[in-house]
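This is what each chain is made of:
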Amino acid sequence: MATKAPLTLRVFQLILWSLVLLAIGYMVVPRFLPTPQTPEFGPGVPLSSPFTLVNQNGESVTEAAFANKAGAWFYGFTNCPDVCPTALTEMAGLLQALGDDAAKLNAVFVTVDPERDTVPVMKAYVEFFDPRIVGLTGELPAIADMAKSRFIYFAKVPQDDGGYTMDHSASIYLTNAKGEFVGTLDAEEPLTTKLAKLKRLIGEAA
Amino acid sequence: MKTRVKRFLVGAVVAVALMSPTSSAFAHGFETSELEIIHPFLRATPPGAKTGAGYVIIRNSGSEPDRLLGIEMEAAARVEFHQSVVEEGIAKMRPIEGGIEIPAGGEYRLGADGSHAMLVELTGGIGLGFLVEATLIFEKAGRVPITFEVEPAGATLESADAEHTDGH
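Residues numbered from 1 in each chain as written. Chains lettered and ligands numbered in written order. Predicted model: local features only at pLDDT ≥ 70, side-chain atom pairs only at ≥ 80, totals over all residues.

Draft legend 1. Fine view of the overall build of chain A. When helices and strands are counted, chain A shows 5 helices and 9 strands. Mapped from its N terminus to its C terminus, chain A presents α and β elements in the order α-β-β-β-α-β-α-β-α-β-β-β-β-α. A globule of 206 residues ought to have a C-alpha radius of gyration of about 17 Å, yet chain A, at 25 Å, is considerably larger. Principal-axis analysis of the C-alpha atoms places the extent of chain A at approximately 95 × 45 × 35 Å. The proportion of buried residues among the 206 residues of chain A is 34%. (Helix = DSSP H or I, 4+ residues; strand = E, 2+ residues; numbered from the N terminus. Rg over C-alpha atoms; globule rule 2.2 N^0.38 Å. Buried ≥ 20, exposed ≤ 12 C-beta atoms within 10 Å, placed from the backbone.)

Draft legend 2. Region of the structure containing the pairing of strand β3 (residues 70-76) of chain A. Residues and elements named next belong to chain A. The buried fraction of β3 is high, at 7 of 7 residues. The side-chain alternation of β3 yields two buried faces, one formed by Ala70, Ala72, Phe74 and Gly76 and the other by Gly71, Trp73 and Tyr75. Of the crossover connections in this fold, the one passing from β3 over helix α2 (residues 83-98) to the parallel strand β4 (residues 105-111) is right-handed. (Right-handed = clockwise from strand over helix to strand, strands pointing away.)

Draft legend 3. Expanded view of the sheet that holds strand β9 (residues 181-185) of chain A. Residues and elements named next belong to chain A. Read from one edge of the open sheet, 7 strands run β2-β1-β5-β4-β3-β8-β9, paired in mixed fashion. Only two strands of the sheet have a single neighbouring strand rather than two, namely β2 (60-62) and β9. Within this sheet the neighbouring strands show an average axis-to-axis angle of 35 degrees, counted without direction. Pairing of β3 with strand β8 (residues 172-175) involves 4 bridges; the strand directions are antiparallel. By the bridge assignment for β8, Gly71 is matched with Thr175. Running over the sheet, α2 touches β3, β4 and β8 and is turned about 160 degrees from β3. (Pairing = 2+ DSSP bridges. Axes fitted to C-alpha atoms, helices over the stretch in contact; angles between N-to-C directions. Contact = placed C-beta atoms within 7 Å.)

Draft legend 4. Local environment of the pairing of strand β5 (residues 134-137) of chain A. Residue and element names in this part refer to chain A. Alternating residues of β5 divide into Val134 and Leu136 and Gly135 and Thr137, and every residue in both groups is buried. The pairing of strand β1 (residues 52-55) with β5 spans 2 bridges and is classified as antiparallel. Bridging from a neighbouring strand, Val54 pairs with Thr137 of β5. Relative to β5, β4 is paired through 3 bridges, and the arrangement is parallel. Residue Val108 lies in a different strand from β5, and its bridge partner there is Val134. The β-α-β motif built from β4, the intervening helix α3 (residues 119-129) and the parallel element β5 has right-handed crossover chirality.

Following this line, the structure appears as structure tokens:
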């Protein structure tokens, strides 16, 4: 009969061996697991993830309503006095400049502040700029899911006066008829550059 | 016959004058002994809007800086000074603390670099073409009554300045 080490020592050895096995496990196992997708944002990335939101007429709409058509998407909020009216004015100006071709483009304003931006607020807001702009609101989780899957950032920022403002992705995102990201319209660009981008976009889509 | 032609001409002139937007037809500004308040304007807001934005250029010909501490108007519960910035593609709005300094012999352009007066809790709509009375409150110059004109929703200091330019 071999002499046994004292029980405490055996327990200690067992713990040590378990730790060694765990460490090896941590190093080896992840190699056999599928690496989580960390999608790089850039041209060609699909921005057509499913969603169910509500348009400015109170109708439930999904991604299907925007399929097979180029799109210009802006994410903002109506209590934003500076950046958002500028973006929507630009969008309206571009739709006007496109004339009949504007029908080949989805112009969409998605609120990132659905708490305040209810259906009637959205209706008054988008129609003030151009009734061809579709305003989307909905439940906050639905908005958050959609934004996340489309690489849109937003966050609520409390203010001293007890109210809050929203940080949000600033650009207008352009998608082709396949729903893929093709580029942005940035505030600093001249209108002619923006218009050229849109014409190219809907030209491709046709 | 002649009077009819005359009447037609007068009518045509009046019609053309009426058609030209008032905001660009006349320069618009206010003055104190030291300060020149150039073309204050608000952006027209959608019906039911809770917030609005105002812009103005303030020039100080004095030898001392002054400070714009606040703006009061019946059209809004309060007016705050904010700055919109875009950092790494994210639009953010932050308060400008402690008022706005108008440097001696210089100017402050409220509207440049994303700065703006934010009108909070509008008491009514701000329609295109409205005139909105307000009081600018300065540390030294005191209370200065002015009138904001209302420009289109996308108007910027630059677009307004282009119309009101004094050549600089």
